[in-house]
Amino acid sequence: MAGTNGSSTGGVAGHFGRQVRRDRVAHGWTVAELARRAKLNAAHLSRIEHGHRPPTARIAAALDGVFTERRGWYLTWLEETRTAPEIPVTFRSWSDYEDRTATLRAWTPGIIDGLVQVQDYAAALIATSPRVSGDTAAARLTARMERQRRVLGREKPLSVTLLVDESALYRQVGTAEVMAAQLRRLREAAAMPSVVMQVMPEVAHASVASGYLIADDAVWSENVITGGTYTDPETVTATALRFDTLRAECYRASESLALIERLESQWAAGARRPTRQVTGASA
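Quick caveat, the model's predicted, so the values are computed rather than measured. (Residues numbered from 1 in each chain as written. Predicted model: local features only at pLDDT ≥ 70, side-chain atom pairs only at ≥ 80, totals over all residues. Heavy atoms only, no water.)

## Points about the overall build of the protein chain
Here comes step 1: Secondary structure assignment for the protein chain yields 12 helices and 6 strands.
Here comes step 2: Relative to its full complement of 283 residues, the protein chain shows a buried share of 46%.
Here comes step 3: In the protein chain, the proportion of contacts linking residues at least 24 apart, taken out of those at least 6 apart, comes to 73%.
Here comes step 4: Counting every atom, the protein chain has about 14,300 Å² of accessible surface; 53% of that belongs to carbon and sulfur. (Helix = DSSP H or I, 4+ residues; strand = E, 2+ residues; numbered from the N terminus. Buried < 20%, exposed > 50% of the residue type's maximum accessible area, 1.4 Å probe, protein only. Contact = heavy atoms within 4.5 Å. Areas by Shrake-Rupley, 256 points an atom, 1.4 Å probe, with all protein chains shown as cover.)

Written out as structure tokens, the structure reads:
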């Protein structure tokens, strides 16, 4: 995939620069005009806008002085990236799009998506990260639970389509009791009027290689090293098409719910891990 707006620039500098450009364009200013108003060097500001130079507190404060409607966003965000490294910077940029979207489509292979994880499941999953400290694990857990409240607890609910990997229903994370609680949470989420949930059977599909989230005008995708937000229209359209083909392979919503209910009862029994039924291959 191409990076945000077709660029491969990511991280703090990339997200900061993209926000500078969005605010500048919204005001109808050139780089030179913004530099004049902020009392900054135009060439240096251009490099920051393109993500080629990291922002500093001085630059952030100068921009806050110009873009007063942002209410100190630049300096606050920059300070947060330095004091809360346990939350990936690239994922913070995704929240900008997630906060304003009317629809959200989610797919996470292998595990239950973070949007509907119960706390014990999320904690057990976070604990598997190599060398994660207790403080960092606690911060990640808090951030994950807060995101759930922010996204699913809106006054005007999002329209969410959540595709659940069937293998995640069998993969034990934490205890059997945790798994039973997690599947119960899936049933509760599926009952929400704004949520459509379907289970993807264990068959071949291009999407099993990577998880992704799709908002109205952006895509979040990640791998074991990093993740990124992508806003190029062709990338968003192509990913939406991939999601549609993935959903076409899923069980119907009623079939999905029946499967989740059956496996929840088996996890709750606790005698042994549920066993899979063999599924036919699909292209």
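## A few points about the confidence of the model for the protein chain
Here comes step 1: Chain-level statistics for the protein chain give a pLDDT mean of 86 and a share of 87% at 70 or above.
Here comes step 2: Low confidence marks residues 1-9, where pLDDT is under 50. Its contacts with residues over four positions away, or in another chain, come to 24 contacts. (pLDDT = per-residue confidence, 0-100.)

## Notes on the pattern of salt bridges
Here comes step 1: Inspection of the entire model under this criterion finds 11 salt bridges.
Here comes step 2: We note a salt bridge from R150 to D99, for which the minimum N-O separation is 2.3 Å. Taken together, the positions of R150 in helix α8 (residues 134-152) and D99 in helix α6 (residues 89-100) put the pair 51 residues apart, joining distant regions of the chain.
Here comes step 3: In this structure R150 comes out as partly exposed when scored by relative accessible area, which is 28%.
Here comes step 4: According to the relative accessible area criterion, D99 is partly exposed, its value standing at 40%.
Here comes step 5: In this structure, the salt-bridge partner of R149 is E146, at a minimum N-O distance of 3.2 Å. (Salt bridge = Lys/Arg side-chain N within 4 Å of Asp/Glu carboxyl O.)

## Structural notes on the side chain of T108
Here comes step 1: Here T108 lies in strand β1 (residues 103-108).
Here comes step 2: Looking at T108, its side chain comes within polar contact range of the side chain of D113, at 2.5 Å.
Here comes step 3: The residues touching T108, leaving out its near neighbours within four places in the chain, are D113, L163, D165 and G211. (Polar contact = N/O pair within 3.5 Å; in protein donor to acceptor, adjacent residues only side chain to side chain.)

## A few points about unusual backbone geometry
Here comes step 1: One non-glycine residue, K39, lies in the positive phi region at around 60 degrees.
Here comes step 2: Relative to the elements of secondary structure, K39 occurs in the loop between α2 (31-38) and α3 (42-49).
Here comes step 3: Of note, R131 is a non-glycine position whose phi angle comes to about 60 degrees, a positive value.
Here comes step 4: Checked against the element boundaries, R131 lands in the loop between α7 (119-126) and α8.
Here comes step 5: Here R131 falls in the exposed class, since its relative accessible area comes to 87%.

## Details of the environment of L162
Here comes step 1: In this structure, L162 sits in strand β2 (residues 159-165).
Here comes step 2: According to the relative accessible area criterion, L162 is buried, its value standing at 2%.
Here comes step 3: Separated by 27 residues in sequence, L162 and A189 place their C-alpha atoms 9.5 Å apart.
Here comes step 4: In contact with L162, other than residues within four places in its own chain, are A106, D113, V116, V196, M197 and Q198.

## Concerning the sheet that holds strand β3 (residues 195-200)
Here comes step 1: Read from one edge to the other, the open sheet built from 6 strands follows the order β3-β2-β1-β4-β5-β6, with strand pairing classed as mixed. For this open sheet the edge positions go to β3 and β6 (227-230), each flanked by a neighbour on one side alone. Put simply, the sheet's adjacent strands are angled 10 degrees from each other on average, direction ignored.
Here comes step 2: Pairing between strand β5 (residues 219-222) and β6: 4 bridges, direction antiparallel. Among the inter-strand pairings, S221 is bridged to a residue of β6, identified as G228.
Here comes step 3: Sheet strands in contact with helix α10 (residues 176-190) are β2 and β3, and its direction is about 135 degrees off that of β3. (Pairing = 2+ DSSP bridges. Axes fitted to C-alpha atoms, helices over the stretch in contact; angles between N-to-C directions.)

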